[in-house]
Amino acid sequence: MKKTIILSTLLFSSLLADGLEYKGNIGFQSSYIDHDIAGKREQQNALRLELELKQKTANGQMVFSGEAIVDTEDKERRYIDVNDLYYKHDFENSDLLIGRNTRFWGAMEFYNHTDVFNTKDWRDNPFDYDAKIGANNIAYRHYFENSELAFIAKVGQERQRVQDQESVNNFMPPNYSDKLETQKSKNRPTVYVKYAGSAEETQFDYAVIYQNGYDEQRYLAPKGASLHQNAYLVDKVMAYATLVSGETIYKTELAYTKSDDEHVSDYAQYSVGVEHTLYGVWGKSDLGLLAEYYKYDDKESSKLGAKDFGNLFQDDVTLGFRLTLNDGSDSDVLGGLSIDQDNHEKLLFVEYNTRLFEKYKLGLSYQHLEPKSGSRFKELDSAMVEFGYYF
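First, a word on what this report is: a plain description of the structure on this page. (Residues numbered from 1 in each chain as written. Predicted model: local features only at pLDDT ≥ 70, side-chain atom pairs only at ≥ 80, totals over all residues. Heavy atoms only, no water.)

## What to know about the overall build of the protein
Helix and strand counts for the protein stand at two helices and 23 strands. Over its C-alpha trace the protein gives a radius of gyration of 22 Å, about what one expects of a compact globule, namely 21 Å for 391 residues. In terms of overall dimensions, the protein has C-alpha extents of about 55 × 55 × 50 Å along its principal axes. With 391 residues in all, the protein has 46% of them scored as buried. Looking at the protein alone, contacts between residues at least 24 apart form 55% of all its contacts between residues at least 6 apart. Carbon together with sulfur atoms contributes 55% to the accessible area of the protein, which is approximately 20000 Å² in total. (Helix = DSSP H or I, 4+ residues; strand = E, 2+ residues; numbered from the N terminus. Rg over C-alpha atoms; globule rule 2.2 N^0.38 Å. Buried < 20%, exposed > 50% of the residue type's maximum accessible area, 1.4 Å probe, protein only. Contact = heavy atoms within 4.5 Å. Areas by Shrake-Rupley, 256 points an atom, 1.4 Å probe, with all protein chains shown as cover.)

## Comments concerning the sheet that holds strand E13 (residues 219-223)
Across the sheet, three strands lie side by side as E10-E14-E13; this open sheet has mixed pairing. A strand with exactly one partner marks an edge of an open sheet, and here the two such strands are strand E10 (176-182) and E13. Sheet twist, expressed as the mean angle between neighbouring strand axes with direction ignored, is 40°. (Pairing = 2+ DSSP bridges. Axes fitted to C-alpha atoms, helices over the stretch in contact; angles between N-to-C directions.)

## Details of empty space enclosed by the protein
Overall, the coordinates contain four cavities of 30 Å³ or more when judged by the stated rule. The calculated volume of the largest cavity comes to roughly 120 Å³. Lining the largest cavity are 17 residues, with Phe117, Thr119, Lys154, Gln157 and Arg218 sitting closest to its centre. Class assignment of the residues belonging to the lining of the largest cavity gives a composition of six nonpolar, six polar and five charged. By volume, the second largest cavity is sized at about 60 Å³. In terms of lining, the second largest cavity is formed by Leu312, Phe313, Asp316, Ser338, Glu345, Lys346, Leu347 and Leu369. Considered class by class, the residues forming the lining of the second largest cavity number four nonpolar, one polar and three charged. (1 Å grid on protein atoms, 1.4 Å probe; cavity = no way out; pocket = protein on both sides within 12 Å on 5 of 7 lines; lining within 4 Å. Points joined across faces, edges and corners; volume = space filled by probe spheres on them. Nonpolar A, V, L, I, M, F, W, Y, C, P; charged D, E, K, R; others polar.)

## A few points about unusual backbone geometry
With a phi close to 50°, Gln203 is a non-glycine residue in the positive phi region. Examined against the element boundaries, Gln203 turns out to sit in the loop between strand E11 (190-199) and strand E12 (204-214). Phi is positive for Glu358, which is not a glycine, with a value near 70°. Judged by relative accessible area, Glu358 falls into the exposed class, the value being 58%.

## Section: the environment of Ala207
Here Ala207 lies in strand E12. Here Ala207 is in contact with Lys194, Tyr195, Ala196, Met238, Ala239 and Tyr240, once residues within four sequence places are set aside.

## Section: the environment of Thr354
Relative to the helices and strands, Thr354 resides in strand E21 (residues 346-356). Separated by 156 residues in sequence, Thr354 and Ser198 place their C-alpha atoms 32 Å apart. Ignoring sequence-local partners within four residues, the contact set of Thr354 consists of Ser329, Ser331, Tyr360, Lys361 and Leu362.

## Remarks on the nonpolar core
As a rule of thumb, soluble globular proteins bury nonpolar side chains together. Trp105, Phe117, Ile152, Tyr192, Ile209 and Tyr240 are the most contacted members of the largest nonpolar core, which has 18 residues in total. Only strand E8 (135-143), strand E9 (147-154), E11, E12 and strand E15 (233-245) provide two or more residues apiece to this core. Not counting residues within four places of it along the chain, the set of residues in contact with Trp105 comprises Asn112, Thr114, Asp115, Val116, Phe117, Ile152, Tyr192, Lys194, Ile209 and Tyr240. Core analysis: the next-biggest nonpolar cluster, separate from the first, contains 17 residues, Met108, Tyr111, Leu334 and Leu347 among them. (Core = buried A, V, L, I, M, F, W, Y, C linked by side-chain atoms within 4.5 Å.)

Rendered as structure tokens:
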């Protein structure tokens, strides 16, 4: 109720402001899931509303973005969430952001292990890595000629709520509780220092990030009769880069994490990828061919690692394609197959998106998950249709 009141007040005051920019969409999602999991539903239907507001000021701007989801069966997916609510003040060669926001880091197409700023939103879609929960932070960024340096302090840790027990997207045992245990104070800041730049002559973009604070990953441990998430402290160094050479894009992401928790192993992550575009393969259509490799390397086998965290990308090769039709409806198709070289887990997916009558969008997607025996995840096939009005 409190969030609803805040949202309503913000919307009312914003509508009275001059120079307001807004965009959003309202639509529905309908999914059918084929599985053999006892006690789980085979359908999921929900209405969605997404809204973004921007109000310019004399020296900056105020930004709001939020979403509302109303699921017809799942009571846990009936909520309003504010992902972005911040003020950014612009100086001559820098800016200062204060509030709540989401950030997107990384270079790879299918999975970004350097995208660690926000907690993932499992109530929305645990397989959508862009589904995030906003984080409270203050950030100062200074611009140079071809680069920038940012200092970010995030305060607070978001709880990861899940869909109800009858949803196939809830992989947790029945005694899971979204109450979060933290190694130190919950409000202990997580600090990031990020340097990013580009070399226009070679079309090379890069970023290097240092993190000190709570890791994005969390492990499960019993507390009384419940199973709680535990957030632990780390020192982490990350980098990602892209290089464009003709019709080919080369990508990489690197990270090393030193754990401050005696139960969690230090670990390294790295990924490399290439995307080559064939122009005009079918009329005006362009075809992009993608290949990516991901590796999660535990340094101490006696401690918690990738398998304990349920990470799907442990030693995976992903092959995919992107077909851009270049039509008046902005139609495109993206698909891929990811195979774990160690345990042969498979993830197959394909999605199609198009615009109808300028203001409407249609999305169709299919996904097949074939996990290893004994995994927290179960084998399933899911098909989804999304339809929405965009304004």
